[in-house]
Amino acid sequence: MEFIDTVNNRHSVRDFKSQPIAKEDLEKIVETAGKAPSWANTQPWKVVIATGDSLEKIRSYHESGRAEHSEFPSLHRGSMGKQGQSNLRIWSSGIHHFLGADGNDMYRDSEKLFNAPAIAYLLLPRNINPWTTYDLGAFGQTLMLAAKDMGIDSIPAEEFVFNPSYLHQVLGVSDDYLFAVGIGLGYPKDAKINKFRSERMSLDQYLTIKD
């Protein structure tokens, strides 16, 4: 796949098939993501991928209704700025209009962690600065593009990193690291929700070039 096609075709899948992803494919995706740039080449990231029994334990715990907040601060509407709040309203209105009577599917799939057969947990050291979060963002985007290039879809979501105390326990992650974000990986079901595409801003809304 041409790079521009990979970028244009990647989107958030919210309902995955149960089909597992080969271990060597997961390794290749993460290895490719490791080529992402980082400040002073610190490469601060660590990745733990949950599949099989470990993931089913996490999914069951999440479905039980427990709701311990993520270790990374949640992004509330009030801290998004006007541009972010406007885009959120457009997205929310668009997806609910698109789903119509099937609107509850999105929440049902979220409770099941989107049925993803693999979740890549991106970890960061607890003592971080803003440059480190930039590094992890670059790593996460590269990971999702690498997956798409291999025919594997993805979704980054805060739901994956709820109940961090349980995640530390099940996945054997020391308290020196925090769960920054989870990325669901897999193959999409032929579900209505997977056909939705979010509206993107036009270039003139966010680009300024000064001579």
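Residues numbered from 1 in each chain as written. Predicted model: local features only at pLDDT ≥ 70, side-chain atom pairs only at ≥ 80, totals over all residues. Heavy atoms only, no water.

Caption draft 1: The arrangement of the packing of helix 2 (residues 23-33) against helix 6 (residues 130-149) in detail. Helix 6 packs onto helix 2 with a crossing angle of 140° between their chain directions and a minimal axis gap of 8 Å. By the angle between their directions, the pair helix 2 and helix 6 is classed as oblique. When the axes of helix 2 and helix 6 are compared, the crossing they make is right-handed. Between helix 2 and helix 6, the contacting residues are Ile29, Val30, Thr32 and Ala33 on the first element and Phe139, Thr142, Leu143, Ala146 and Ala147 on the second. (Axes fitted to C-alpha atoms, helices over the stretch in contact; angles between N-to-C directions. Helix = DSSP H or I, 4+ residues; strand = E, 2+ residues; numbered from the N terminus. Parallel < 35°, antiparallel > 145°, perpendicular 65-115°, else oblique. Left-handed = near helix turned anticlockwise from the far one by under 90°. Contact = heavy atoms within 4.5 Å.)

Caption draft 2: Main features of the nonpolar core. Of all hydrophobic cores here, the largest spans 23 residues; its most connected members are Ile21, Phe139, Leu143, Ile152 and Leu185. Counting only elements with at least two residues in this core, the list comes to helix 2, strand 2 (118-125), helix 6 and strand 4 (177-186). Ranked by size, the runner-up nonpolar core spans 20 residues in total, among them Ala116, Ile155, Phe160 and Tyr177. (Core = buried A, V, L, I, M, F, W, Y, C linked by side-chain atoms within 4.5 Å. Buried < 20%, exposed > 50% of the residue type's maximum accessible area, 1.4 Å probe, protein only.)

Caption draft 3: Quick peek at the pattern of salt bridges. What the rule picks out here adds up to seven salt bridges. Across the salt bridge formed by Arg108 and Asp109, the nearest N and O atoms sit 3.2 Å from each other. Accessibility expressed as a relative area gives 39% for Arg108, which makes it partly exposed. Among the salt bridges present, the one from Asp190 reaches Lys195, with a minimum N-O distance of 2.6 Å. For Asp190, a relative accessible area of 72% gives the class exposed. In this structure Lys195 comes out as partly exposed when scored by relative accessible area, which is 49%. (Salt bridge = Lys/Arg side-chain N within 4 Å of Asp/Glu carboxyl O.)

Caption draft 4: Structural view of unusual backbone geometry. Positive phi, close to 60°, is recorded for Asn41, a residue that is not glycine. Turning to its location among the elements, Asn41 is positioned in the loop between helix 2 and strand 1 (46-50). The residue Gln43 is not glycine, and still its phi comes out positive at about 45°. Tracing the chain through its elements places Gln43 in the loop between helix 2 and strand 1. For Gln43, a relative accessible area of 37% corresponds to the partly exposed category.

Caption draft 5: Layout of the environment of Lys35. Along the chain, the position of Lys35 falls in the loop between helix 2 and strand 1. Taking C-alpha positions, Lys35 is 8.1 Å from Thr142, a pair spaced 107 residues apart along the chain.

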